[in-house]
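A structural walkthrough
Residue-level listing of the chains:
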Amino acid sequence: MKILVINGPNLNLLGLREPDVYGGQNYDSLVRDIGGYARGIGAEVTFVQSNHEGAIIDAIHAAAGGAQGIVINPGALTHYSYALRDAIKAVNIPAVEVHISNVHAREEFRHTSVIAPVCVGQICGLGAFGYLAALRFLTEYKVNG
Ligand code: DQA
């Protein structure tokens, strides 16, 4: 099973950016951990990180017909990008939204996700574990139809 793991704006700065909120692990280390976990459960993962909305939308379009699942941390695009929402809806690939922090315990503007309604579900506040949980879920979700 092929799963696309997308990280949006500023997630390349993991480890440096607000470590009290996002933890000390950097992006490369996160990718290694997700890749290792994916191998263990027989999933094939590809990674995209971009600070550009259009590049993320292009990656989602390119996944159509290729990936069976999407794990996406859209960063701040979560809260306002209707274009990203429409892209996920358009490709019809089951997607899980992941946030490292508990967005509901933070500023008011982070409580809204325009992406979550087009995803199977949302995971937040579990740190990097959220990506692994999302992956595991998508492998099961596919099996169960
Ligand atoms: C985030 C939460 C967003 O509100 C924020 O803009 C991010 C990271 C998270 O992983 O907790 O960039 O998606």
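Here the structure is shown first, and the text comes after it.
What this report covers is the structure whose coordinates are included nearby. Nothing here was measured: the structure is a model prediction, and the numbers come from that model.

It is worth spelling out the site of the ligand at this point. Taken together, Arg17, Tyr22, Asn73, Gly75, Ala76, His79, His99, Ile100, Ser101, Val103 and Arg110 make up the full set of residues adjacent to the ligand. A distance of 2.8 Å is found between an oxygen atom of the ligand and a backbone nitrogen or oxygen belonging to Ile100. Note that an oxygen atom of the ligand is positioned 2.6 Å from one of the side-chain N or O atoms of Ser101. Coverage of the ligand by the protein amounts to 99% of the 320 Å² it exposes when considered alone. Taken together, the residues of the shell around the ligand break down into four nonpolar, five polar and two charged.

Once that is clear, we can look at the side chain of Ser113. Here Ser113 is to be found in the loop between β4 (95-99) and β5 (121-124). Its relative accessible area of 16% is what places Ser113 among the buried residues. Side chain to side chain, Ser113 and Glu97 meet in a polar contact 2.8 Å long. Engagement of the side chain of Ser113 in a polar contact is seen with the backbone nitrogen of Ile115, the distance being 3.1 Å.

Within the secondary structure, Leu11 sits in the loop between β1 (2-7) and α1 (19-22). With 124 residues separating them in the primary sequence, Leu11 and Leu135 have C-alpha atoms 18 Å apart. When near neighbours in sequence (up to four residues on either side) are disregarded, Leu11 contacts Arg17, Tyr27, Gln49, Asn73, Gly75 and Ile100.

Scoring rules and cut-offs
- Residues numbered from 1 in each chain as written.
- Predicted model: local features only at pLDDT ≥ 70, side-chain atom pairs only at ≥ 80, totals over all residues.
- Heavy atoms only, no water.
- Near = heavy atom within 4 Å.
- Polar contact = N/O pair within 3.5 Å; in protein donor to acceptor, adjacent residues only side chain to side chain.
- Areas by Shrake-Rupley, 256 points an atom, 1.4 Å probe, with all protein chains shown as cover.
- Nonpolar A, V, L, I, M, F, W, Y, C, P; charged D, E, K, R; others polar.
- Helix = DSSP H or I, 4+ residues; strand = E, 2+ residues; numbered from the N terminus.
- Buried < 20%, exposed > 50% of the residue type's maximum accessible area, 1.4 Å probe, protein only.
- Contact = heavy atoms within 4.5 Å.

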